[in-house]
Amino acid sequence: MTKHGVVIVPEDTVVGVAAGRHFSFPPPRTGDSCKMLAGQIDLGAAMMGSWLDSMKASSPRHKLVAPRVAAAGDVEHDDWMEKHPSALGEFEALVAAASGKQVVMFLDYDGTLSPIVEDPECAVMTDEMREAVRGVAEHFPTAIVSGRGRDKVFNFVRLAELYYAGSHGMDIQGPTADSNHHLNTPSKARSVLCQPASEFLPMIGEVHDLLVEKMASIPGAMVENNKFCLSVHFRCVDEKKWGTLAEQVRSVLREYPRLRLTQGRKVLEIRPVIKWDKGRALEFLLGALGFADRADVFPIYIGDDRTDEDAFKVLRSRGHGAGILVSRFPKDTLASFSLRDPAEVKDFLRELVIAKS
């Protein structure tokens with residue numbers, strides 16, 4: 001087995017900051033199929049800063065590296081909100097921009113439809129949120145795009161009429177039950193299945209077992225198998241052990257150069273080194289729905305994590321649609337709008353249904 005180093009990409013920063021509430025951007029560069037989009041190797045980006053600093057940055061307690069809660073009149077917060085206004089406050093403008101177009105809804109799960117919790121297995125969405133998502137799906141094609149395994153996120157959401165893209169978009173399946181909008185949806189989209197990282201399944205299983213063994217010595221660490229990717233959660237790990245945890249993970253991955261290590265919110269993610277992410281999943285689903293090159297489509301993507309920035313980037317490159325970041329804090333983002341928390345996401349979804357009715 002090779003001894004070459006794994007590609008390690010701390011996802012700390014977003015290149016570029018959204019300049020405002022725009023709906024027109026440079027023309028897109030899109031692919032035609034699941035196979036074509038996954039064909040190129042993604043070598044990632046250069047590592048910036050130490051992993052320990054990066055891990056601390058995911059905790060709001062570290063004021064030097066994490067954004068602080070903004071008080072009324074805070075200049076930084078006001079400036080950020082000017083660039084990324086509330087999607088609820090600008091709801092009429094969003095509806096006007098989508099007028100006469102087919103809305104397609106994309107939703108992250110953790111931190112968007114459910115709150116971030118200590119135990120990832122307990123990230124359950126409320127019945128009220130489920131009804132809000134069900135209402136949107138009755139009017140618009142709707143997809144859940146999550147880093148979780150597809151089966152796991154389906155068990156949380158329990159709505160068979162949705163599209164599900166698990167493992168950061170590397171495991172996509174169409175609805176198993178019809179909804180009203182499917183009357184005009186191509187049959188191939190309803191039966192879509194895309195798994196561009198299938199060849200990595202044995203490797204992912206092998207690394208999962210090694211990481212479980214390594215993490216057994218670190219109280220609070222949890223390894224989650226998301227089928228085509230792995231998550232090492234350190235939310236419940238003593239901060240003094242974070243450096244040890246990161247080094248243990250990296251020691252395993254040194255033997256697997258076809259896997260890369262990235263970071264989310266108090267989680268280290270292990271993914272195949274292929275050119276595929278949530279943005280590619282969005283492009284694939286739009287293509288499967290027959291909307292790839294159409295200007296009369298208005299995709300809306302709502303998410304809270306660094307991995308969702310790939311989808312926001314695609315929307316900006318397409319020149320239409322709306323990216324909405326879920327965050328209470330100012331963050332560098334390519335999203336055009338913001339919502340504070342899952343409660344506001346629920347209100348936004350309900351407003352969309354009312355506007356459509």
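Note: the structure precedes this text.
Treat the numbers as computed from the prediction; the structure is a model and nothing was measured.

Draft legend 1. Structural context of the sheet that holds strand β3 (residues 142–145). Reading across from one edge, β6-β5-β4-β3-β2-β11-β12-β13 is the order of the eight strands in this open sheet, with mixed pairing throughout. The outermost strands of the open sheet, each flanked by one partner alone, are β6 (193–194) and β13 (337–339). The pairing of strand β2 (residues 102–107) with strand β11 (residues 297–303) spans six bridges and is parallel. Bridging across to β11, Met 105 finds its partner in Ile 300.

Draft legend 2. Quick look at the environment of Leu 201. The topology assignment puts Leu 201 in helix α8 (residues 201–215). Each C-alpha atom of the pair Leu 201 and Lys 227 lies 7.0 Å from the other, and the pair is 26 residues apart in sequence. Not counting the four nearest positions on each side in its chain, Leu 201 is found in contact with Lys 227 and Phe 228.

Draft legend 3. Broad picture of the environment of Arg 158. Residue position: Arg 158 is located in the loop between α6 (150–157) and β4 (163–166). Sequence spacing of Arg 158 and Arg 130 is 28 residues, and the spatial spacing of their C-alpha atoms is 8.2 Å.

Draft legend 4. Examining the pairing of strand β9 (residues 259–264) more closely. Of all six residues making up β9, six are buried, and the element is well covered by its neighbours. Every second residue of β9 is oriented toward a common face, with Leu 259, Leu 261 and Gln 263 on one face and Arg 260, Thr 262 and Gly 264 on the other, all of them buried. As paired elements, β9 and strand β10 (residues 267–272) share six bridges and run antiparallel to each other. In the sheet register, Thr 262 faces β10, and the bridge partner there is Glu 269.

Draft legend 5. Main features of the pattern of salt bridges. Scanning the model with the defined rule gives 17 salt bridges in all. Taking the shortest distance from any N to any O, the salt bridge between Lys 152 and Glu 121 comes out at 3.3 Å. With Lys 152 in helix α6 and Glu 121 in the loop between β2 and α5 (127–139), this pair connects stretches of sequence that are 31 residues apart. Residue Glu 121 is classed as partly exposed on the basis of its relative accessible area of 38%. Salt-bridge contacts for Asp 127 lead to Arg 130; the nearest nitrogen and oxygen are separated by 3.0 Å. Linking Asp 127 with Arg 130, this pair stays in helix α5, spanning three residues, or about one helical turn. One salt-bridge network, in which partners are shared between bridges, spans Asp 110, Glu 121, Arg 148, Lys 152 and Glu 224.

The rules behind these values
Residues numbered from 1 in each chain as written. Predicted model: local features only at pLDDT ≥ 70, side-chain atom pairs only at ≥ 80, totals over all residues. Heavy atoms only, no water. Pairing = 2+ DSSP bridges. Helix = DSSP H or I, 4+ residues; strand = E, 2+ residues; numbered from the N terminus. Contact = heavy atoms within 4.5 Å. Buried < 20%, exposed > 50% of the residue type's maximum accessible area, 1.4 Å probe, protein only. Salt bridge = Lys/Arg side-chain N within 4 Å of Asp/Glu carboxyl O.

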